[in-house]
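Residue-level structure breakdown
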Amino acid sequence: MTSLAVARVTITADQAVLENSLVRRVVRTHGFVGTISFQRCETGEEFVRTIEPEAKLVIDRREYWLGGVTGLPNKAFLQQDWIAWAEPAPMALRLVDVKQASPQSSVPHGNGWVPEGKACELVFDHDDFTASLHLEIYDHLPAIGKRVVIHAKPGKRITVNQVVVERLSLVEGESEVEANAVWRLPNVTALSDMSFGGSRGTCIHWSPDESYKTQVNYLLKTPCVLEVRPPFGMHQATDGADVRSVTSYVLLHKGTNREENTLEQRRLYRRLAPWVLDNPLMLHVVSNDDQEIRRAIDQASECGFEMVIMSFGSGLNMEDVSPANISRWRTLREYASRKGIRFGGYSLLASRRISDEHDVINPQTGKTGGAIFGNSPCLGSTWGVDYFDRLRTFIEGTGFQMLEHDGNYPGDQCASTTHPGHRGLDDSQWNQYRQITEFYHWCRARGVFLNVPDYYHLNGSNKTGMGYRETNWSLPREQQHVHARQNLFDGTWSKTPSMGWMFVPLVEYHGGGAAATIEPLRDHLKDYELHFANTFGFGAQACWRGTRLYDSPETKALVRRMVDWYKQNRVVLESDIVHLRRADGRRLDYVLHVAESKKHAMLVVYNPTAAVLEEAVTLPLTACGMRGRVAIISPDGKRTVSRPPEVVKVKVPAGSWTWLRFSTE
């Protein structure tokens, strides 16, 4: 990484400038407050077309702005002399301070880790409260982070109904006279730490700008305004505590290449949520027999696996905090620790029914039912509050080192007015979101590994599902392999390989019988190896669900060989993927890994057909940053040295796989 991409913040009498060699954001602070320039440095492209307030607050049902202007003659572009004439908006609060600050972790308590970069803080004043706007820029990322903290003054009690933490009027992604069914959006990626319901875009809202009268679209419907805000607001009454908004992250892209743009998103996760890089080899155990569980731990340790998870269907109940249950699982966890294995288990939360008293109340009917998962407990109910207390007690008592938290909070509102965790409908989503994220922060502080099938990465979770249909694991094994590589290919566009888990049904799962399962393992060694090659070759991990890893010396040797290969190449395999060819079941499919250092790369190639296939594969090694002479290492140990090859020939046996490694000299 070049030192030119190191972040810096410069504060002068009239502006604050956040920049590295990738992005530059200029916030005017004299006369009015607002972003007057937001550009990608390599191209000089300006992304903002007019000045907006830096944030909008709704407090006690009244709107206030942190910045904003009046008097601009045109919202299609911004000229320098217009900036000099602009007047502050009537709803803008008074700016009282601009100062240097430090970046903050999206997980507010934990091990003290903070992202590398710089920050500044703008403080605004009102008779009843102060509002601090915190802006961050990061080393080596084309991104700006942003959050607002509201503090009620002594003796004042306010309710923060909503915070729009980011509002940008951006240059439109396309201009069309007539309305489009699907619009091309501006060339940015916006994320926030409030994400659930299977979407990274929970708080990301694109809307038209009807005040932009000179746009081409006749009905003024071009989506060109980005807002980052909770979908139903916050509605938090201050009782001596600060109210902190969501955090937004806006990435500016320099082009339209999908690989380059998603690589920047993946690098954001690497730098702002480094726990997602923890990528242990995981055995999902379905047994409830202590002797069989110990055998699984022994096999995991012998074969180089790193984590054992008591799977759904294993009989583990983490809500049972009786001394006997905690003692049993603590003993097994201690046994795993002596074997060098992290140990934990599965708990189901939201996709279940508890009772009319404790379930989410549908605001449309006033009854339970109609939640995102049909029925779901409200996290703010007495049951919900007790559930999290029980999980904390169980984890502390057993020393569990991981939690697979299924059916995590998906975003349901609840109309109950009797649940202790929220007052009513308005604050129900925010309070439930805060309840689960505070629990995840607690887990992160304890070093508890979190498998969460949702986008809670910026709140402390390690992994989500890579993206697969569970019933596909009941298909015949040869079809599973193609599906698996399609899922891995698709799932690693916006996730690093370590952020998503895959699945392998060692025992029957969702039906399919003998044609779908790997057991008995010794009878299906070729398929067993290919399942390893699928996930390891993408740098990902699967949940190997069964009771054991091997059932014969030959099976054990296979597992050891594949695990050893993975660990020997782990650094490059867990690097980002360059997507070359998606599996289609007809021809070779392959991906390229390129280490961030640009010194190592690995091509992994698969043959899904019943014939030997040979092909010349085009490699973008030079485009990916590899320079000079490279050593090319093949599976047979053959080593050649050349310039980074533009094309390599590969020959793959039927139904098999191979690889080539590249290292700069």
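Presented here is a report on the structure given in the accompanying data block.

Procedures and definitions
Residues numbered from 1 in each chain as written. Predicted model: local features only at pLDDT ≥ 70, side-chain atom pairs only at ≥ 80, totals over all residues. Heavy atoms only, no water. Salt bridge = Lys/Arg side-chain N within 4 Å of Asp/Glu carboxyl O. Helix = DSSP H or I, 4+ residues; strand = E, 2+ residues; numbered from the N terminus. Expected span 1.5 Å × (residues − 1). Buried < 20%, exposed > 50% of the residue type's maximum accessible area, 1.4 Å probe, protein only. Arc of directions from axis to C-beta. Axes fitted to C-alpha atoms, helices over the stretch in contact; angles between N-to-C directions. Parallel < 35°, antiparallel > 145°, perpendicular 65-115°, else oblique. Contact = heavy atoms within 4.5 Å. Pairing = 2+ DSSP bridges.

Taken as a whole and judged by the stated rule, the model has 49 salt bridges. Across the pair Asp 298 and Lys 339 runs a salt bridge, and its minimum N-O distance is 3.5 Å. Note that Asp 298 is positioned in helix α3 (residues 290-303) and Lys 339 in the loop between α4 (323-338) and β24 (342-348), a separation of 41 residues in sequence. Its salt-bridge partner being Arg 446, residue Glu 396 comes within 3.9 Å of it at the nearest N-O pair. Highlighted residues: Glu 396 in helix α5 (residues 382-398) and Arg 446 in helix α6 (residues 428-446), separated in sequence by 50 residues. One salt-bridge network, in which partners are shared between bridges, spans Arg 25, Glu 54, Lys 146 and Glu 166.

Helix length check: α5 (17 residues) gives 24 Å between terminal C-alpha atoms against 24 Å at 1.5 Å per residue, within 8%. Along α5, the residues that are buried comprise Trp 383, Gly 384, Tyr 387, Phe 388, Leu 391, Phe 394, Ile 395 and Thr 398. Down the axis, α5 shows its buried residues gathered within 135° of arc, on one side only. Looking one or two residues beyond α5, the residue adopting positive phi is Gly 399, at roughly 75°.

This brings us to the packing of helix α7 (residues 477-491) against helix α8 (residues 525-537). To describe two helices that pack against each other, one gives the angle between their axes and the distance between the axes. Here α7 crosses α8 at 5°, and the two axes come no closer than 10 Å. Between α7 and α8, the crossing angle belongs to the class labelled roughly parallel. Across from Arg 477, Gln 480, His 481, Ala 484, Arg 485 and Leu 488 in α7, the residues of α8 making contact are Asp 527, Leu 530, His 531, Asn 534 and Thr 535.

Let us look at the environment of Leu 521. As for its placement among the helices and strands, Leu 521 is situated in the loop between β28 (500-505) and α8. The class of Leu 521 is buried, set by a relative accessible area of 0%. In this structure, Leu 521 is in contact with Leu 506, Tyr 528, Arg 548, Leu 549, Tyr 550, Asp 551 and Thr 555, ignoring residues within four places of it in sequence.

Turning to the sheet that holds strand β34 (residues 630-633), a few remarks are in order. Across the sheet, six strands lie side by side as β30-β31-β32-β37-β34-β35; this open sheet has antiparallel pairing. A strand with exactly one partner marks an edge of an open sheet, and here the two such strands are β30 (577-581) and β35 (639-642). Adjacent strand axes in the sheet meet at a mean angle of 20° when their direction is disregarded. Here α8 sits on the sheet and contacts β31 (589-594), β32 (600-606) and β37 (657-664); the angle it forms with β32, its principal contact strand, is near 140°.

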